[in-house]
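Inside the fold
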Amino acid sequence: MRDFPPVLKTALWLAGARVLEVERPRPLVTDTFAELLLGEEGLKAALQLERAHPAPRAVIRRVRLVDELVTRYVKERRIEVVIMAGTGLDARPYRLDLPETLAWIEMDYPLVTDWKNERLRDVRPRCSVTRVGVDLIRPGALASAMGDCCVGKRTLVLVENLFQYFSTRDTQLFLRDVKCFEPGTIVIADIPNSAYVASKLGRAMSAELENRDVAGRTAIDDIPSFMTPLGFRVLETHHVPC
């Protein structure tokens, strides 16, 4: 089995957790696309990673929570565009109940988007899907990649499993990019706190973080105090125990 790059290895591991969840008697998340996305080689790698670092239940609880939030806000706010930053091997536009008119834009490293394009090329999503290969940690990368595709459109930005790789400063810069989108843009963001950083799951990410030379890792315990100075109004917060 080949040695996968760290960023793809993390995506494989998390997709593997969703594959195993489907086999439970009462799964919290039923992601029937996870195994397809992994492929034979990816599944072997995912199960090997799972044996070495079993994914905590918090991983699946977070997926379930984000599923519910995305579905609700898309419906209630009549969202026209969803931008998912740090998509990994997520398959929400294929498995969630979403309107056909919705435009779903996925952003991640090119090796991740290429992997997904290859494995999902013959699968029809619930809405239109576009993938953009980009390194989101670069300042201004999000705004540059999006251009004017959200101008005049009700937009939701989804950030999951990304800020744990960012310094606090990088997270602030990313969110300032988002703030430049259309007024009223909804943001659903998975923001690590200090308990997560110190947890087993948080520590499992340490090797990749060291490779990226990330200092001052994002760990926010008071979300409103962090988001308000950036110009955001916090509508709701949820805590997923590690």
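What this report covers is the structure whose coordinates are included nearby.

Going through the model one piece at a time under the given rule, you end up with 2 cavities of 30 Å³ or more. By volume, the largest cavity amounts to about 380 Å³. Residue assignment for the lining of the largest cavity shows that the elements contributing at least two residues are helix H1 (6–22), helix H3 (57–76), helix H4 (92–95) and helix H10 (206–212). A total of 6 residues in the lining of the largest cavity trace back to one element, the largest contributor, which is H1. For the lining of the largest cavity, the per-class residue count stands at 15 nonpolar, 5 polar and 10 charged. By volume, the second largest cavity is sized at about 60 Å³. The set of elements that each furnish at least two residues to the lining of the second largest cavity consists of helix H6 (141–146) and helix H7 (168–179).

Our focus in this paragraph is the pairing of strand E4 (residues 155–159). Among the 5 residues that make up E4, 5 are buried, leaving the element largely enclosed by the rest of the structure. On E4, burial covers both faces: Thr155, Val157 and Val159 on one face and Leu156 and Leu158 on the other are all buried. Relative to strand E5 (residues 186–189), E4 runs parallel, the two sharing 4 bridges. For Leu158, the partnering residue across the bridge sits in E5 and is Ile188.

Attention shifts here to the layout of surface pockets. Its boundaries defined by the atoms lining it, the largest pocket holds a volume of some 1200 Å³. Along the walls of the largest pocket sit 44 residues, with Ala189, Ile191, Ile223, Glu236 and Thr237 positioned nearest its centre. For the lining of the largest pocket, the secondary-structure elements that each account for two or more residues are H3, E4, H7, E5 and helix H11 (223–227). Looking at which element gives the most residues to the lining of the largest pocket, the answer is H3, with 7 residues. Here the lining of the largest pocket is composed, by residue class, of 28 nonpolar, 7 polar and 9 charged.

A separate point is the side chain of Glu50. In this structure, Glu50 sits in helix H2 (residues 34–52). Buried and unpaired, Glu50 has Arg24 as its nearest opposite-charge partner, separated by 7.7 Å. From its side chain, Glu50 meets the backbone nitrogen of Ala55 in a polar contact 3.2 Å long. Each residue touching Glu50, except ones within four places of it in the same chain, is listed here: Trp13, Leu20 and Ala55.

Turning to the nonpolar core, a few remarks are in order. Generally speaking, soluble globular proteins have nonpolar side chains that are buried together. Membership of the largest hydrophobic core comes to 27 residues, with the highest contact counts inside it found for Ile83, Met107, Leu136, Leu142, Met146 and Phe174. Not counting chain neighbours up to four residues away, the residues in contact with Met107 comprise Ile83, Met84, Ala85, Gly86, Thr87, Val132, Val134, Leu136, Leu142, Ala145 and Met146. Among the nonpolar cores identified, the runner-up in size contains 19 residues, and Leu8, Val19, Ala46 and Leu89 belong to it.

Here we take up the sheet that holds strand E1 (residues 81–85). An order of E3-E2-E1-E4-E5 is seen for the 5 strands of this open sheet, with the pairing classed as parallel. Looking at the sheet topology across the chains shown, the edges are occupied by strand E3 (128–133) and E5. Strand after strand, the sheet turns through a mean of 15 degrees between neighbouring axes, direction not considered. Bridge count between E1 and E4: 5 bridges; the pairing is parallel. Counterpart to Ile83 in the pairing with E4 is Val157. Here helix H5 (residues 110–120) sits on the sheet and contacts strand E2 (103–108) and E3; the angle it forms with E3, its principal contact strand, is near 145 degrees.

Criteria and thresholds
Residues numbered from 1 in each chain as written. Predicted model: local features only at pLDDT ≥ 70, side-chain atom pairs only at ≥ 80, totals over all residues. Heavy atoms only, no water. 1 Å grid on protein atoms, 1.4 Å probe; cavity = no way out; pocket = protein on both sides within 12 Å on 5 of 7 lines; lining within 4 Å. Points joined across faces, edges and corners; volume = space filled by probe spheres on them. Helix = DSSP H or I, 4+ residues; strand = E, 2+ residues; numbered from the N terminus. Nonpolar A, V, L, I, M, F, W, Y, C, P; charged D, E, K, R; others polar. Buried < 20%, exposed > 50% of the residue type's maximum accessible area, 1.4 Å probe, protein only. Pairing = 2+ DSSP bridges. Lys, Arg positive; Asp, Glu negative; His and termini not counted. Salt bridge = Lys/Arg side-chain N within 4 Å of Asp/Glu carboxyl O. Polar contact = N/O pair within 3.5 Å; in protein donor to acceptor, adjacent residues only side chain to side chain. Contact = heavy atoms within 4.5 Å. Core = buried A, V, L, I, M, F, W, Y, C linked by side-chain atoms within 4.5 Å. Axes fitted to C-alpha atoms, helices over the stretch in contact; angles between N-to-C directions.

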